[in-house]
Amino acid sequence: MSGYRQVLALPHVGRLLASALLSRLAGEMLSLALVLHILAVSSSPVLAGSVLFAAWAPGVLLSPLAGAVLDRFGSVRAIGADQLASALLIGAIAAVATGPDDALPLVLLALLFSLTSPLGLAGIRTLMPRLVPDTALERANALDSGAYNLVEVTGPVLAGGLFAVAGGQLTLTVIAGLYAAAFLLLLTLPADAGRAEPAATTTGLLASAWAGVRYVLTNPLLRNLILCYAPYQLAWGVLTVAVPVLAPDTAGLLWGLAGVTGILGALLTGHRLTAGRERLAIAAGILASALAAAPLVAYGGIPGLVTGLLLLGFAAGPVNVGLLTLRQRRSDPAWLGRVLAVSISLNLIGHPVGSAIGGFLTAVSPALACTVAGLAAALGALLAWLLLPRD
């Protein structure tokens, strides 16, 4: 199987990617919409960073249980539960977040939103290798990453445009609707698509979750992927807060342009990447991200900001496709739900931590925040080069 068209023609793959596209579009809109809305009603970068932290970080604690649910009950049902809960909670945030005195309920709703997030994050990428043959895995992951980059184009543009025209509440309501549409589309897939093998579900749910944690933390490759990817995500988290402060009127457009180059990076990587070259792709992509964040975004003015974000988006392609393929290929299929839920959540913990740090640093100096982002990405590139396997 050599082409993207053949991968899309496989049973269930097209509808899975379409549902993922809608839910990820909602997620991409959400980050920028929350930052812009909170800045508008409270003028507090610290609160904006804290809400983003609450929206993503607490779910990490439940990621082992989420992985056991994925392997026990099937990814389709788990993804649907996350999409439905997200629709309801973002709708509630739209109704509640109306003024500077709403910080506590806003943080609490964001925290609840985070609790089901591991089901959606890991569920889609658990299903993909179970629906496509191993020889098509790079291209399937490239389509997955390209779809994610596509929403990085449209998500910030839509969020920024809607916010400018209609304000934060309507923007958040639209986001809730996108989650609901993704849920309805997912219902067209068989509930047992991508179910784990029976051997993976013979123990209790909590015991199965704990076994998944042990599997990830005692596996050298999976552990090292976490160590190198978390600093990279920390850089993205810092920039999520810093860029809207640097360019409040054009932040959505700039992130959208970064998404365009991200699509190109993912598709090119999927076409060229072969087994054994994942380490080079990951390390080179994270290093390019460090160069984009520190010298370009931090100190290059508007031209540097534009160039840096374009480079940052393109570099995400080799990083994400390489990481996804390496992790899926080296994991026992019967453990895939638990492996992905735990490792993805731990990989992404850098993003909410970066958002929280970015809120404080941006209040001092946006250039300082971007410099810290660049240093974090540089650390991730060094760890990837030193720790990931050469073959």
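To be clear, the structure that these remarks concern was listed above.
Per chain, residue numbering runs from 1 following the sequence as it is written. At least 70 in pLDDT is required for a residue's local features to be given in this predicted model, at least 80 for side-chain atom pairs to be given and counted, and no such filter applies to totals for whole chains, interfaces and linings, which use all residues. Side-chain metrics rest on all non-hydrogen atoms present in the structure, leaving aside hydrogens and water.

### A closer look at the nonpolar core
Which entries qualify depends on this criterion: The definition of a nonpolar core used throughout is a set of buried Ala, Val, Leu, Ile, Met, Phe, Trp, Tyr and Cys residues joined through side-chain atoms within 4.5 Å. Buried, partly exposed and exposed residues are distinguished by accessible area as a fraction of the type maximum, computed with a 1.4 Å probe on protein chains only: under 20%, between the cut-offs, and over 50%, respectively. Counting from the N terminus, the helices are the DSSP runs of H or I reaching at least four residues and the strands are the DSSP runs of E reaching at least two. Here, residues are in contact when the closest pair of their heavy atoms is within 4.5 Å.
One finds I90, L172, I175 and L239 to be the most contacted residues of the largest nonpolar core, which totals 74 residues. If one sorts the elements of this core by residue count, helix α11 (residues 220–246) sits on top with 13 residues. With residues near it in sequence (within four places) discarded, I90 still touches L30, F113, L172, I175, A176 and Y179. The next biggest cluster of nonpolar side chains, apart from the first, holds 17 residues, and it includes L16, L17, A20 and L189.

### Let's talk about empty space enclosed by the protein
Cut-off, in case you're wondering: Definitions used for this entry: grid spacing 1 Å over protein atoms alone; cavity, a set of points where a 1.4 Å probe fits but cannot get out; pocket, an open set with protein on both sides within 12 Å along at least 5 of 7 lines; lining residue, one with an atom within 4 Å of a point. Grid points are joined across faces, edges and corners, and a volume is the space filled by probe spheres set on the points. Under the grouping applied here, Gly and all other residues not named as nonpolar or charged are polar, the nonpolar ones being Ala, Val, Leu, Ile, Met, Phe, Trp, Tyr, Cys and Pro and the charged ones Asp, Glu, Lys and Arg.
Per the stated rule, a full pass over the model turns up 2 cavities of 30 Å³ or more. Roughly 1100 Å³ of volume is contained in the largest cavity. Every residue lining the largest cavity is counted, 47 residues in all, and those nearest its centre are E28, W56, L121, Y148 and L348. For the lining of the largest cavity, the per-class residue count stands at 22 nonpolar, 19 polar and 6 charged.

### Describing a nonpolar patch on the surface
Put simply, the rule is: Each patch is built from residues lacking any salt bridge and having more than 30% relative accessible area; the joining distance is 9 Å for like charges and 5 Å for nonpolar side chains (Val, Leu, Ile, Met, Phe, Trp, Tyr). Computed with the Shrake-Rupley method and a 1.4 Å probe, the accessible areas treat only the protein chains shown as cover for residues. We define a salt bridge as a side-chain nitrogen of Lys or Arg found within 4 Å of a carboxyl oxygen belonging to Asp or Glu.
Taken together, the side chains of L227, L280, L382, W385, L386 and L387 define a hydrophobic patch exposed on the protein surface, amounting to about 570 Å² of accessible area. At 4 residues, the largest contribution of residues to the nonpolar patch is made by helix α17 (residues 366–387).

### A few points about the side chain of R327
Note on placement: R327 falls in helix α14 (residues 301–329). Classification of R327 as buried rests on a relative accessible area of 2%. The residues touching R327, leaving out its near neighbours within four places in the chain, are L222, L225, V339, L340, S343, I344 and N347.

### Quick look at the side chain of S117
The condition is simple: In the analysis that follows, any N or O atom pair within 3.5 Å is treated as a polar contact, provided that within protein one partner can donate a hydrogen and the other can accept it, and provided that, for residues neighboring in sequence, both atoms belong to side chains.
Looking at the element boundaries, S117 is found in helix α7 (residues 117–131). Within the structure, the side chain of S117 is placed 3.2 Å from the backbone oxygen of F113, a separation counted as a polar contact. In contact with S117, other than residues within four places in its own chain, are A55, W56 and D82.

### Re the packing of aromatic side chains
Stated formally: In summary, the pairing rule links any two rings of Phe, Tyr or Trp, Trp by its six-membered ring, whose centres are within 6.5 Å, and it sorts them by plane angle into stacked for under 30 degrees, edge-to-face for over 60 and tilted for everything else. A ring is scored as having a charge over it whenever the NZ atom of a lysine or the CZ atom of an arginine sits within 6 Å of its centre and within 35 degrees of its normal.
Using the criterion set out here, one finds 3 aromatic pairs in the structure. Residues Y232 and W236 carry aromatic rings whose centres are separated by 6.4 Å and whose planes lie at 80° to one another, so their mutual orientation is edge-to-face. Separated by 4 residues within a single helix, Y232 and W236 lie in helix α11, roughly one turn from each other. Per residue, the accessibility class of Y232 equals that of W236, and both read buried. Feature note: the residues Y229, Y232 and W236 constitute an aromatic cluster, connected by ring pairs. Across from the ring centre of W385, 3.6 Å away, lies the NZ or CZ of R279, which sits over that ring.

### Re the environment of L368
Structurally, L368 can be placed in helix α17. With relative accessibility at 36%, the residue L368 sits in the partly exposed group. The spatial distance from the C-alpha of L368 to the C-alpha of L326 is 34 Å, given a sequence separation of 42 residues.

### Re the environment of P58
Inspection of the secondary structure puts P58 in the loop between α3 (45–56) and α4 (59–73). On the accessibility criterion, P58 (17% relative accessible area) is buried. Taking C-alpha positions, P58 is 9.8 Å from T116, a pair spaced 58 residues apart along the chain. Excluding anything up to four places from it in sequence, P58 contacts F53, L111, S114 and L115.

Read these as layout, nothing more, since geometry by itself doesn't imply function.
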